[in-house]
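# Notes for the structure review
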Amino acid sequence: MTGAIAVAGPKVSPWLTFGARRLGRFVVSLWVLVTMAFLMIQLIPGDPVRSALGLTAPIELINARRAALGLDHPLWQQYLDYFGGLFRGDFGTSMLTGQPVGDVISDRLPATLQLALPAFVVVIALAIPLGLTFAVLTRGGRHRGAELGFTSTTVLFAAIPEFLVAVALVAFFAVQLGWFPVAGHEGAGSLVLPIIALALGPASTLSRIVRVETLSVLGNDFVRTARAKRLPARIVYLRHALPNALTATLTLGGLMLTSLVAGTVLVENVFAWPGLGSTISQSILQKDYPLVQGIVLVYGIGVLLVNLIVDLLLAVLDPRSTIREN
């Protein structure tokens, strides 16, 4: 009786499989995003150029602008041209000003990041210590008053929209007290109120998540073992409990970073901030569709990149989940 001998193939690293899978998802998501951005103009009822330039615009100007935008070509050619332009860094041309969309984005994006990135740092700097502190204070049903106060306050702040927080901050700190500029980009002082308006709600939400995750971790065996070894409390909480509670926190934190960038749309309009948020609002009102298209694409790419980075960080923090997934 002859038996077949199984020959094992080369073992593929789970990290390589994980990276290839995540990169593949990113590429597919990016293709869907670019396609939807391209169809934005195509799905607008009527003639987008006529809508942008107005009913009184001469037909010669309409035809010239359509030709400049490539809208007189077949749809498949427009699609290929759009993809090719993106690979060259060409996001199109504004219908109203004729200025390259990429130039507008490069001018306004730094102002938006000037709000979103510090706001994210503030969220992390507030949420993690607050969540950890109240998890320790309220563990095992202790300090019911502190738990009720923390929960009620964070739920309230998380429920208030950013633009209402921004209006309240302007009315009190800028108009009544005169501590900060009412609007505009006038130095470091003009950053304070917009950053607070962006960070307050996400910090409240994230601190509740940190508290819940920390309470769950504090009941695990490895934490009880660390206490049995009579390790100092700061070692137990900071070295053993907190890193294991950061998995869900990191996931939500990445989503909040993308929401902070999107939240700048309303906050920038309240503070007349010269970023992408105020620019896209003006472009929608002016029906400057290529500019709207380009800004939406930049926002979407930012979301995809943040999600990819968060996935990679989670794999580093918890490699066992990566091996199980693959």
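Residues numbered from 1 in each chain as written. Predicted model: local features only at pLDDT ≥ 70, side-chain atom pairs only at ≥ 80, totals over all residues. Heavy atoms only, no water.

### Looking at a nonpolar patch on the surface
Together, L156, F157, I160, F163, L164, V167 and L266 make up an exposed nonpolar region whose accessible area comes to about 570 Å². By residue number, the principal contributor to the nonpolar patch is helix α7 (residues 162-176), which donates three residues. Take L156: it is sitting in helix α6 (residues 144-159). (Patch = residues over 30% accessible without salt bridge, like charges linked within 9 Å, V, L, I, M, F, W, Y side chains within 5 Å. Areas by Shrake-Rupley, 256 points an atom, 1.4 Å probe, with all protein chains shown as cover. Salt bridge = Lys/Arg side-chain N within 4 Å of Asp/Glu carboxyl O. Helix = DSSP H or I, 4+ residues; strand = E, 2+ residues; numbered from the N terminus.)

### As for the nonpolar core
Formed by 24 residues in total, the largest nonpolar core has its most connected members in L115, A119, V123, A197, L198 and F271. Those elements that place two or more of their residues in this core are α5 (101-138), α7, α8 (189-218) and α10 (233-270). Looking at which element gives the most residues to this core, the answer is α8, with nine residues. Residues in contact with L198, not counting those within four places in the same chain, are L115, A119, E162, L260, G263, T264 and V267. (Core = buried A, V, L, I, M, F, W, Y, C linked by side-chain atoms within 4.5 Å. Buried < 20%, exposed > 50% of the residue type's maximum accessible area, 1.4 Å probe, protein only. Contact = heavy atoms within 4.5 Å.)

### Here's the deal with unusual backbone geometry
Even without glycine at this site, A272 takes up a positive phi of about 50°. Structurally, the position occupied by A272 is in the loop between α10 and α11 (276-286). For A272, a relative accessible area of 49% corresponds to the partly exposed category.

### Comments concerning the environment of I301
Tracing the chain through its elements places I301 in helix α12 (residues 289-317). Once the C-alpha coordinates of I301 and L33 are considered, the two residues, 268 residues apart in sequence, prove to be 8.0 Å apart. If we ignore the near neighbours within four places in the chain, the residues touching I301 are L30 and L33.

### A word on the UniProt feature "transmembrane region" (unreviewed entry) in the protein chain
Mapped onto the present numbering, the UniProt feature "transmembrane region" (unreviewed entry) falls on residues 23-44, 115-137, 149-175, 187-206, 245-271 and 291-317. As annotated, residues 149-175 has a helix share of 93% and a strand share of 0%, and its two end C-alpha atoms lie 30 Å apart. Strand forms 0% of residues 187-206 and helix 90%; the C-alpha atoms that close the span are 29 Å apart. (UniProt positions renumbered as here; feature names shortened; annotations may be inferred.)

### A closer look at α7
The terminal C-alpha atoms of α7 lie 20 Å apart, and with 15 residues this matches the ideal 21 Å at 1.5 Å per residue to within 8%. Within α7, the axis deviates most sharply at V170, by approximately 30°. Of the positions making up α7, those classed as buried are V165, A166, L169, V170 and A174. (Expected span 1.5 Å × (residues − 1). Bend = angle between axes of the 7 residues up to and from the residue.)

### Digging into the packing of α5 against α11
Direction vectors running N to C along α5 and α11 enclose 130°, while the axes themselves pass 8 Å from each other. Regarding the angle of α5 to α11, the classification is oblique. Packed against α5, whose contacting residues are V104, I105, R108, L109 and T112, the element α11 presents L276, G277, S278 and T279 at the interface. Residues of the contact of α5 with α11, tallied by class, amount to four nonpolar, four polar and one charged. (Axes fitted to C-alpha atoms, helices over the stretch in contact; angles between N-to-C directions. Parallel < 35°, antiparallel > 145°, perpendicular 65-115°, else oblique. Nonpolar A, V, L, I, M, F, W, Y, C, P; charged D, E, K, R; others polar.)

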